[in-house]
Amino acid sequence: MANLSIPLSFLFICVLFLGKGVLELEASHHIFERYQTSPKFLHKSLVNQAYRTGYHFQPPKHWINGISGRISMSFWSYFSYPNGSATILPGGKPVILYTGIDPQERQVQNLAMPKNLSDPYLTEWIKYPKNPVMAPTPMNKINASSFRDPTTAWLGPDKMWRVLIGSRVNKLGLAVLYKSKDFKHWILAKKPLHSAEGTGMWECPDFFPVKTNGYEGLDTSAEGKKMKYVLKNSLDETKHDYYTIGTYDAVKDKYFPDKGMIEGDSGLRYDYGKFYASKTFFDSEKHRRILWGWANESSSVKDDVQKGWAGVQAIPRKVWLDKYGKQLLQWPIKEIEKLCGNQVKWPSKILEGGSKLEVTSVTAGQADIEVEFEVSHELKKVEVLKKKQYNPQFLCSKKSASVRGGLGPFGFLTFASNTLSEYTAVFFRIYKHNNKHKVLMCSDQSRSSLNKHNDNTTYGAFVDVDPAREPLSLKSLIDRSIVESFGGGGKAVITARVYPTQAIDNQIKLFVFNNGTSSVKITFLNSWSMNKAHIS
Ligand SMILES: *[C@@H]1O[C@H](CO)[C@@H](O)[C@H](O)[C@H]1NC(C)=O
Ligand SMILES: *[C@@H]1O[C@H](CO)[C@@H](O)[C@H](O)[C@H]1NC(C)=O
Ligand SMILES: *[C@@H]1O[C@H](CO)[C@@H](O)[C@H](O)[C@H]1NC(C)=O
Ligand SMILES: *[C@@H]1O[C@H](CO)[C@@H](O)[C@H](O)[C@H]1NC(C)=O
Ligand SMILES: *[C@@H]1O[C@H](CO)[C@@H](O)[C@H](O)[C@H]1NC(C)=O
Ligand SMILES: *[C@@H]1O[C@H](CO)[C@@H](O)[C@H](O)[C@H]1NC(C)=O
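Residues numbered from 1 in each chain as written. Chains lettered and ligands numbered in written order. Predicted model: local features only at pLDDT ≥ 70, side-chain atom pairs only at ≥ 80, totals over all residues. Heavy atoms only, no water.

Caption draft 1: Highlighting the overall build of the protein. When you go through the protein residue by residue, the secondary structure sums to six helices and 34 strands. Across the 536 residues that make up the protein, the buried fraction comes to 60%. Within the protein, counting contacts between residues at least 6 apart in sequence, those at least 24 apart form 65% of the total. Carbon and sulfur atoms make up 53% of the accessible area of the protein, which amounts to about 22000 Å² in all. (Helix = DSSP H or I, 4+ residues; strand = E, 2+ residues; numbered from the N terminus. Buried < 20%, exposed > 50% of the residue type's maximum accessible area, 1.4 Å probe, protein only. Contact = heavy atoms within 4.5 Å. Areas by Shrake-Rupley, 256 points an atom, 1.4 Å probe, with all protein chains shown as cover.)

Given below as structure tokens:
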């Protein structure tokens with residue numbers, strides 16, 4: 001039976017493991033009952049109901065209806081082996097490489113095959129009798145305690161399969177490379193595909209091609225011109241997923257990040273909030289690459305035990321390369337539109353400095369909201385950003401929604417209580433730096449709850465949009481204890497986890513606000529109540 005310490009501390013968590021943990025936790029909820037005291041801010045009904053997400057999945061069953069066959073297959077195979085990755089072999093036969101622990105307590109890589117290929121969901125898998133297929137030895141000098149999380153494999157021009165395993169040597173993060181002809185016998189390559197000093201252990205590496213033009217995804221084994229590669233690693237030390245964009249030399253088996261790419265924590269991130277151990281896969285039915293990620297709790301372990309569950313899956317996101325090739329863009333997959341209920345639409349309007357407008361007629365605690373701001377007429381009012389303030393998260397933590405600026409803060413107040421004793425602000429501020437405009441996006445957990453036992457980090461990121469030339473969009477997916485926010489059409493994404501005590505159920509309000517001194521123009525606003533995802 002599962003216990004809460006598994007999802008919170010277990011090592012091999014690439015993506016869906018935690019979802020599985022949640023499922024088991026829900027089933028065994030009664031084991032926590034005896035720990036339930038009555039802390040000041042949390043009564044039982046609130047704990048049990050208020051924060052449980054409506055359309056983000058916790059247990060796997062939530063989503064199985066709305067998604068295509070291929071996705072649900074990948075989904076179930078990941079659920080069976082959440083510590084591994086599936087690869088579809090020629091002929092359509094899937095296999096999974098996953099991390100195991102051998103009798104000598106070494107981390108090793110194993111192979112599993114579906115038991116019954118006619119079962120559309122591939123619910124049962126058998127382990128290959130000759131496991132492990134990759135193991136640390138004194139010869140290969142791999143650290144037996146730091147060798148895990150195989151990627152989806154890809155086929156090179158020499159018709160050999162390749163797979164990466166996360167590892168490290170002291171502070172040097174490594175993507176160890178293995179090659180195989182038959183998927184059963186694997187040979188360690190002389191050099192890792194890539195490594196970066198100072199980054200520590202690389203968990204859940206992910207390596208995939210992206211097109212240099214357009215939204216379409218590519219198969220992991222795709223070859224050709226007009227493509228770039230993405231290498232993502234989950235940093236064990238900081239719990240951040242960062243990525244670089246670069247080129248891959250399939251003959252030398254080396255990955256080269258493009259000039260200017262930053263390795264490690266201050267590099268590009270899928271999400272500048274709570275998002276870890278993510279993984280992508282190619283959906284060949286809809287020709288797109290989909291990103292799965294996991295958002296853990298911001299509440300105390302004690303409160304998690306009371307809730308009886310921990311961790312939610314972020315809404316799956318489509319990912320593709322920005323037209324300038326400098327970063328990825330992300331957007332919630334189309335399937336979530338099926339959950340959209342009542343819609344509210346606003347025409348263009350001016351939002352004066354120091355004002356806010358309530359978005360009524362949507363269920364504010366379970367909603368999708370998007371807005372586009374036009375600020376080009378007010379750009380003379382922006383403040384200058386000094387070099388020492390150049391860390392976005394630091395800047396956001398110093399300048400909350402209540403600190404009025406020249407242009408900004410403007411954005412949403414989500415999970416707002418009647419008296420604004422609680423709110424989670426998601427907003428922009430515009431600055432000038434070296435004669436260029438710099439757009440800061442913040443997502444502030446620090447005023448979200450009167451319960452002070454929660455993580456109160458204010459997350460921040462710069463959004464690569466020039467507000468003189470283009471409007472600035474913001475979309476948030478709000479769901480009971482999660483706010484996933486997409487700035488600049490998916491150029492910067494920030495996920496927050498929040499636990500209001502007053503802004504709960506029908507007491508939750510949603511506003512668009514502008515606390516700057518200049519006005520901003522809302523060119524449009526659309527918002528939907530989101531239905532609960534169906535349980536099959
Ligand atoms: C990975 O998952 C498989 C299947 O659930 C399991 O047999 C194996 O022990 C897991 N590995 C680790 C290291 O927990
Ligand atoms: C395999 O799955 C198919 C489809 O679900 C089922 O009809 C068949 O009985 C299964 N075969 C075995 C040996 O379980
Ligand atoms: C091997 O991995 C373990 C566990 O992460 C770590 O404590 C140790 O420092 C690693 N050794 C080297 C040489 O990296
Ligand atoms: C989970 O959340 C806590 C508190 O917000 C954070 O310190 C921790 O690093 C997170 N863990 C992961 C794996 O993201
Ligand atoms: C807007 O700024 C004023 C003045 O600083 C402050 O009192 C108010 O709380 C701010 N509004 C929000 C939503 O932070
Ligand atoms: C955030 O949490 C820290 C540590 O618990 C605390 O010192 C700080 O005062 C909190 N900040 C706010 C704005 O609540």
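Caption draft 2: Focus on the site of ligand 2. In the vicinity of ligand 2, the residues found are N116, S118 and D119. Protein contacts shield 27% of the accessible area of ligand 2, which totals 360 Å² for the unbound molecule. (Near = heavy atom within 4 Å.)

Caption draft 3: Looking closely at unusual backbone geometry. Residue P132 is bonded to the preceding N131 through a cis peptide linkage, with omega at 0°. With respect to the helices, strands and loops of the structure, P132 is situated in the loop between β4 (125-127) and β5 (147-148). For K226, which is not glycine, the phi dihedral falls at a positive 50°. On the secondary structure map, K226 appears in the loop between β11 (202-211) and β12 (227-235).

Caption draft 4: Seen up close, the side chain of S146. Along the polypeptide, S146 turns up in the loop between β4 and β5. The contact partners of S146, leaving out residues within four places of it in the chain, are Q107, G166, S167, R168 and M201.

Caption draft 5: Here's a closer look at the packing of aromatic side chains. By the definition in use, this model includes 21 aromatic pairs. Ring plane angle 85° and centroid distance 5.6 Å describe the contact between F207 and Y255, whose orientation is recorded as edge-to-face. Placement of F207 in strand β11 and of Y255 in strand β14 (residues 254-257) is noted, with a sequence separation of 48 residues between them. Here F207 and Y255 have matching classes, each one buried. Connected via pairs of aromatic rings, a cluster forms that spans W154, F207, Y229, Y248 and Y255. Over the face of the ring belonging to F511 we find K356, whose NZ or CZ atom lies 5.1 Å from the ring centre. (Phe/Tyr/Trp six-rings, centres within 6.5 Å; stacked < 30°, edge-to-face > 60°. Lys NZ or Arg CZ within 6 Å of the ring centre and 35° of its normal.)

Caption draft 6: Examining the state of the cysteines more closely. Going through the model one piece at a time under the given rule, you end up with one disulfide. There is a disulfide in this structure between C396 and C442, and the S-S distance comes to 2.1 Å. Given an S-S torsion of about -80°, the disulfide between C396 and C442 has left-handed geometry. Within this pair, whereas C396 is found in helix α6 (residues 392-398), its partner C442 is found in strand β28 (residues 436-444), the two being separated by 46 residues in sequence. (Disulfide = S-S within 2.5 Å.)

Caption draft 7: Just the layout of surface pockets, in detail. Taken as a whole, the largest pocket holds about 1700 Å³ of empty space. Around the largest pocket sit 50 residues that line it, and L268, Q327, F462, V463 and D464 are the ones nearest its centre. The set of elements that each furnish at least two residues to the lining of the largest pocket consists of β15 (268-269), β19 (317-321), α6, β28, β29 (458-463) and β30 (472-479). Per-class residue counts for the lining of the largest pocket are 19 nonpolar, 16 polar and 15 charged. Built from parts of two domains, the lining of the largest pocket gets at least three residues from each of domain 1 (23-332) and domain 2 (340-530). (1 Å grid on protein atoms, 1.4 Å probe; cavity = no way out; pocket = protein on both sides within 12 Å on 5 of 7 lines; lining within 4 Å. Points joined across faces, edges and corners; volume = space filled by probe spheres on them. Nonpolar A, V, L, I, M, F, W, Y, C, P; charged D, E, K, R; others polar. Domains from an automatic or database assignment.)

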